[in-house]
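Structural characterization, general
Listed below, chain by chain, are the residues.
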Amino acid sequence: MSRNNTITKRGRKGSAKGVGTRAGGVAARARLGYCAPMLSLPSVCPHDCPSACPVDVEVGQDGRVGRLHGGKMPYTEGVICAKVARYAERIHHPDRVTQPLRRVGDKGSGRFAPISWDEAVDEIAHRFRLAADTHGPEAVWPYVYGGSMGLLQMGAANRLRREMGYSRQGLTICASIASAGWMAGVGAKRSVDSREMAKSELIVIWGANPAATQVHLMGLMARARKSHGAKVVVVDPYRTPTAEKADLHLMLRPGTDAALACAVMHVLFRDDLIDAAYVARMGDGTEALRAHVATRGPAWAAAITGLEATTIEAFARHYGTTKRSLIRLGYGMSRSRNGAVSLHAVSCLPVLTGAWQYEGGGATQSLSGGFVLDRTLMDGLDLPASDARQLDMSRIGAILTNEADALMGGPPVTAMLVQNSNPANVAPDTAKVWRGLARDDLFLAVHEQMMTQTARFADLVLPATTFVEHADLYTAYGHTFLQVAKPVIAPVGEARSNHWLINQLARRLGATHASFALDEWQLIDACLHASNLPSAEEAHKARWLDCALPFDKAHFLDGFGHGGKFRFAADWSAIGPDHAGLPSLPDHLDNIETTDAEHPFRLITPPSRHFLNSTFAETPTSRRLAGRPTALVHAEDAGRLGVTDGNVIRLGNARGSVLVHAQVTDGIAKGVVAVEGIWPDECFIEGMGINSLIGADAVPPNGGAAFHDCAVWIRPNASGENA
Ligand SMILES: Nc1nc2c(c(=O)[nH]1)N[C@H]1C(S)=C(S)[C@@H](COP(=O)(O)OP(=O)(O)OC[C@H]3O[C@@H](n4cnc5c(=O)[nH]c(N)nc54)[C@H](O)[C@@H]3O)O[C@H]1N2
Ligand SMILES: Nc1nc2c(c(=O)[nH]1)N[C@H]1C(S)=C(S)[C@@H](COP(=O)(O)OP(=O)(O)OC[C@H]3O[C@@H](n4cnc5c(=O)[nH]c(N)nc54)[C@H](O)[C@@H]3O)O[C@H]1N2
Ligand code: SF4
Ligand SMILES: [Mo]
């Protein structure tokens, strides 16, 4: 590895002289496990977070990592979140997996003994071959998600999958619903550069909580407020830290966003607040929309959303009279069975007002589509296209318990390699996922940094490098900068990267794609070369390449995706196979999980600011700051239930029940309960976590998990435990 001129000394404090002359201080620091930083080396945060921050990693003489600091890229501007600043807690965690392990106890018992890498890779190859020989290659299912968003470490398994004809993976656990909603109207995966938020006069954060999930938007928002008095509206069922900062918080019932959007459109048409010339040019189906929302005014929406009609009216008029208005379309609103319909409904608003024409106006969703890379070699796209079945990753429970429709007429899955994901914890319908993972006839290899819930079910656990130990190429979904990173420390223990493991496996399985002979750096370089971009070395030296689209592209001045037009009336059949019953024009689709006398509450399960999905739940500081699994319950609901702050309550439905501590608040819609964070299951009093309550039925039209769409009952804890 060449450490080129991006290495910077961090001044006296980090120099050898500084260390030597302050012996007392060193002794004190040594007692605290602190090691004097010597170098600051560049890297990129790989987590599934919109910001993909450049980071400067302090590396001590002993090769251990100290603090991480933010690189001063435009957009992130030197800011990183606290959990990644203390990443050393993960890298050097005493429980890190540092050598290959083979199960010696029962499945799920977590009892393992060390083996060599050679034995481990031989065994995976053998078991994959056996599964393919017995049932056909579709019996093998490599399962990969966003633990690292680096294109190389995430994509490695896909090349092998494609060449070997293994089952494909429907990537539904996160963005498929939002993406369907966006594509229905806009028709192209581009949107406004987040940096424009600093120019907006009205910022609407709709179903997102950037204070936790995209911290850089908070800085841009603050700047817009300070420089020209921008106003901020947050649409969220509970008072998040983002909502606390808003001028107006619309605390609606979960799954009712389309009703709110329809009422806003009603007011825009009624009060002639639409940009008629722009809409005539860019909108498709305007008159049908006008007639449709004429009967869907604020009073109608108030009954559905739980908001006051006058509040909806005021918001609509404010939105309709502010041209430079930007809506951040968050994933939160999409995590419902009607999520795609809701997101499409909200995406109609900036078309009606013509906000798209102005800097700081329009809508911002995912920016990942703006990166144009030739990924032929990296993703094995030059291999013959695979016609293997595509298994829905969110339905892993149904798949591994052999439900016929989930298997799509194919064989049972009998061999898996999991990389970059912790499905036993993050996937819906936990009980079923665990039953499937515990199957005796399933061979499960889990390549991991930590002994996760999923790894505990494995036959083989393989130590994975963290981002500071391997190279990768990064795009982003919240900004426009492409980055490459080299390893900054040697692998911890015997950890190896995803790319390395897949290359090793490919060799044993007889896969011959050219990429399997390349190391990480060569493959990154080849991808950049094929994309007519600077070399890997040059990109690394520059630290980031801005791939921002020109204004007219990012704002669709050259036309939206559907023949130049935005579709007010969606053609859902063009978006996904499961389109029956989806309303073409924006509407409240009442297919969400129904509350009834038995299940009167709606549960939402949004992320914790201290974790990144299930990651960081194992690091001591994040764990301490997050506290314990907690249910936010409205004071009136709590009063009726006889629950007071700190009580243990039981939440449940037909899928199961969990015990959590209650926090009583007026900062949540009545009838709604929120449990933040994908806590490790063992942090729950009875050892099974929040996803045991969430359904895994596929959200139309393209699949997806409805993490914020769940009906539950709440009972005081019968066993009386209130600790
Ligand atoms: N700290 C931290 N950052 C993260 C993550 C994390 O776990 N922790 N996860 C990362 C990942 S993978 C993703 S995809 C993004 C997701 O980030 P976001 O786009 O912010 O999406 P969510 O966090 O799922 O939900 C955001 C908000 O939507 C609200 N919400 C729930 N239901 C509804 C509804 O029906 N309507 C409306 N309007 N709002 C609703 C929730 O209460 C929540 O406050 O964040 C990323 N960043
Ligand atoms: N209740 C509820 N559940 C949810 C959500 C929610 O809001 N509520 N959000 C959902 C969303 S948006 C998402 S995206 C999913 C996320 O689900 P996952 O993608 O499974 O995300 P993580 O829980 O962060 O798990 C990633 C794992 O990858 C490992 N890892 C990291 N880097 C590497 C690497 O380079 N190699 C290997 N082999 N392993 C690595 C980490 O140690 C970690 O255990 O969860 C979903 N689950
Ligand atoms: S988790 Fe997000 S905010 Fe934190 S360092 Fe990584 S990319 Fe930046
Ligand atoms: Mo996600």
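Computed from a predicted structure; not experimentally measured.

1. Description of the overall build of the chain
- What the chain contains, in helices and strands, is 30 helices and 28 strands.
- Against the compact-globule benchmark of 27 Å for 723 residues, the chain has a radius of gyration of 26 Å, which places it among compact chains.
- Overall, the C-alpha framework of the chain stretches about 70 × 60 × 55 Å when taken along its three principal axes.
- Counting the 723 residues in the chain, one finds 61% classified as buried.
- Sequence separation of 24 or more characterises 75% of the internal contacts of the chain that already satisfy a separation of 6 or more.
- For the chain, the exposed area adds up to about 26,000 Å²; of that, 52% sits on carbon and sulfur atoms.
- Of the side chains in the chain, 73 bear a positive and 72 a negative charge, and the two mean positions are spaced by 6 Å.

2. Some words on the sheet that holds strand β17 (residues 443-448)
- Taken together, six strands build an open sheet; the order of strands is β6-β5-β18-β17-β16-β7 and the sheet is mixed. The outermost strands of the open sheet, each flanked by one partner alone, are β6 (112-114) and β7 (140-144). In this sheet, neighbouring strand axes are inclined to one another by 20° on average, regardless of whether the strands run parallel or antiparallel.
- Pairing geometry for strand β16 (residues 415-419) and β17, over five bridges, is parallel. By the bridge assignment, Ala415 is partnered in β17 with Phe443.

3. Side note on the UniProt feature "domain: 4Fe-4S Mo/W bis-MGD-type" (unreviewed entry) in the chain
- Residues given the UniProt feature "domain: 4Fe-4S Mo/W bis-MGD-type" (unreviewed entry) here are residues 38-95.
- Taken end to end, residues 38-95 comprises 14% helix and 34% strand; its first and last C-alpha atoms sit 26 Å apart.

4. Considerations on the nonpolar core
- Core analysis: the biggest nonpolar cluster contains 84 residues, and Leu68, Met416, Leu603, Ile649, Leu651 and Val673 have the highest contact counts within it.
- With residues up to four places along the chain from it excluded, the contact list for Leu603 reads Leu651, Val673, Val675, Ile690, Leu693, Ile694, Phe707, His708, Asp709, Cys710 and Val712.
- If you look at the next biggest cluster of nonpolar residues, it comprises 77 residues, including Ile274, Val346, Tyr477 and Phe481.

5. A look at unusual backbone geometry
- In this structure, the amide linkage connecting Pro700 to the following residue, Pro701, adopts the cis form with an omega of 5°.
- Positionally, Pro701 belongs in the loop between β27 (672-675) and β28 (710-716).
- At Asn420, a residue that is not glycine, the phi angle is positive and equals roughly 65°.
- Within the fold, Asn420 resides in the loop between β16 and α22 (423-426).
- Judged by relative accessible area, Asn420 falls into the buried class, the value being 14%.
- A positive phi angle, close to 60°, is found at Asn532, a residue other than glycine.
- Mapped onto the elements, Asn532 comes out in the loop between α26 (520-530) and α27 (536-542).
- The exposure class of Asn532 is exposed, given its relative accessible area of 73%.

6. Quick look at the site of ligand 1
- Near ligand 1 there are 33 residues, and of these Asp236, Gly255, Asp257, Phe611 and Asn613 occur at the shortest range.
- Between ligand 1 and Arg609 there is a distance of 3.4 Å, counted from a nitrogen atom to a backbone nitrogen or oxygen.
- A total of 910 Å² of accessible area belongs to ligand 1 in isolation, and the protein chains cover 98% of it.
- Residue composition of the shell around ligand 1, by class: 17 nonpolar, ten polar and six charged.

Cut-offs used in this document
- Residues numbered from 1 in each chain as written.
- Chains lettered and ligands numbered in written order.
- Predicted model: local features only at pLDDT ≥ 70, side-chain atom pairs only at ≥ 80, totals over all residues.
- Heavy atoms only, no water.
- Helix = DSSP H or I, 4+ residues; strand = E, 2+ residues; numbered from the N terminus.
- Rg over C-alpha atoms; globule rule 2.2 N^0.38 Å.
- Buried < 20%, exposed > 50% of the residue type's maximum accessible area, 1.4 Å probe, protein only.
- Contact = heavy atoms within 4.5 Å.
- Areas by Shrake-Rupley, 256 points an atom, 1.4 Å probe, with all protein chains shown as cover.
- Lys, Arg positive; Asp, Glu negative; His and termini not counted.
- Charge placed at Lys NZ, Arg CZ, Asp CG, Glu CD.
- Pairing = 2+ DSSP bridges.
- Axes fitted to C-alpha atoms, helices over the stretch in contact; angles between N-to-C directions.
- UniProt positions renumbered as here; feature names shortened; annotations may be inferred.
- Core = buried A, V, L, I, M, F, W, Y, C linked by side-chain atoms within 4.5 Å.
- Near = heavy atom within 4 Å.
- Polar contact = N/O pair within 3.5 Å; in protein donor to acceptor, adjacent residues only side chain to side chain.
- Nonpolar A, V, L, I, M, F, W, Y, C, P; charged D, E, K, R; others polar.

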